[in-house]
Amino acid sequence: MLKDHANVMSLFLQVGEVVGRKKLQKIIYIAKKLDMPFSERYTFHMFGPYSEELSLRMEELCNLGFMTETREDKGNYFQYRYQLSESGRRFLELYQFEQPDVRELAARLNEQSSRFLELVSTLLYFEELPREEVEEKVFTLKRKQNYREEEIEQGYRFIESLKETVSRTAG
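Residues numbered from 1 in each chain as written. Predicted model: local features only at pLDDT ≥ 70, side-chain atom pairs only at ≥ 80, totals over all residues. Heavy atoms only, no water.

Caption draft 1: Molecular detail of the pairing of strand E4 (residues 67-73). For E4 and strand E5 (residues 78-84), the ladder comprises seven bridges, and the chain directions are antiparallel. Paired with Asp-73 across the strands is Phe-78, a residue of E5. Connecting the antiparallel pair E4 and E5 is a turn made up of four residues, with Gly-75 showing a positive phi of about 95°. (Pairing = 2+ DSSP bridges. Helix = DSSP H or I, 4+ residues; strand = E, 2+ residues; numbered from the N terminus.)

Caption draft 2: Quick peek at helix H1 (residues 2-15). For H1, spanning 14 residues, the distance from its first C-alpha to its last is 20 Å, which sits close to the expected 20 Å at 1.5 Å a residue. With respect to burial, H1 is a largely interior element, 10 of its 14 residues being buried. Three or more residues of H1 are buried, namely His-5, Ala-6, Asn-7, Val-8, Met-9, Ser-10, Leu-11, Phe-12, Gln-14 and Val-15. (Expected span 1.5 Å × (residues − 1). Buried < 20%, exposed > 50% of the residue type's maximum accessible area, 1.4 Å probe, protein only.)

Caption draft 3: Highlighting the packing of H1 against helix H5 (residues 103-110). Relative orientation of the contacting elements H1 and H5 amounts to 75°, with a least axis distance of 9 Å. The pairing of H1 with H5 is recorded here as roughly perpendicular in orientation. Residues Leu-11, Gln-14 and Val-15 of H1 lie in contact with H5, whose contacting residues are Arg-103, Ala-106, Ala-107 and Asn-110. The residue inventory of the contact of H1 with H5, partitioned by class, reads four nonpolar, two polar and one charged. (Axes fitted to C-alpha atoms, helices over the stretch in contact; angles between N-to-C directions. Parallel < 35°, antiparallel > 145°, perpendicular 65-115°, else oblique. Contact = heavy atoms within 4.5 Å. Nonpolar A, V, L, I, M, F, W, Y, C, P; charged D, E, K, R; others polar.)

Caption draft 4: A look at the pairing of E5. Direction of pairing for strand E1 (residues 18-19) relative to E5: antiparallel, over a ladder of two bridges. Looking across to E5, one finds that Val-18 is bridged to Tyr-82.

Caption draft 5: Expanded view of the pattern of salt bridges. As enumerated under the stated definition, the model contains 19 salt bridges in all. The partner of Glu-72 in a salt bridge is Lys-74, with the nearest N and O atoms 3.8 Å apart. We classify Glu-72 as buried; its relative accessible area is 18%. Each member of the salt-bridge network shares a partner with another, and the members are Glu-17, Glu-72, Lys-74 and Arg-81. (Salt bridge = Lys/Arg side-chain N within 4 Å of Asp/Glu carboxyl O.)

Taken by themselves, the reported measurements are silent on function.
Right, dumping it as structure tokens:
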């Protein structure tokens, strides 16, 4: 269990800050789909793949003082900002485990919009299906997002480039 918490904290050690709960969910999901050692279980939800486990883990890490969560009022919604705290950094220094190098992958994911990561994670969630069926699911399940075919193609290209990044940094 502690290793799962440490893996999430390690991501923040390498990427710095993540702005948005949805973005955090998608970053961890996509990294997991690319064989990074995250154990959280995901189900398909309104905004794509979602892990209740990750939400609870983040709450625990914040309650323990290992992560900081800053809530910003954006008028009609709240946005959450997550960072590793100094206590979290000290814990990772003391806790001996092999931290996967996710710097480049996490940085590339973190610079994308939540909307685009929602599309990419949805493509990955249904990756076992034929491409035409995946696109049909995107247009049906994500109707409100109004994704265009060009965006779906961009999502697939992005996934391929992420796979190349992972194989380059793993080798």
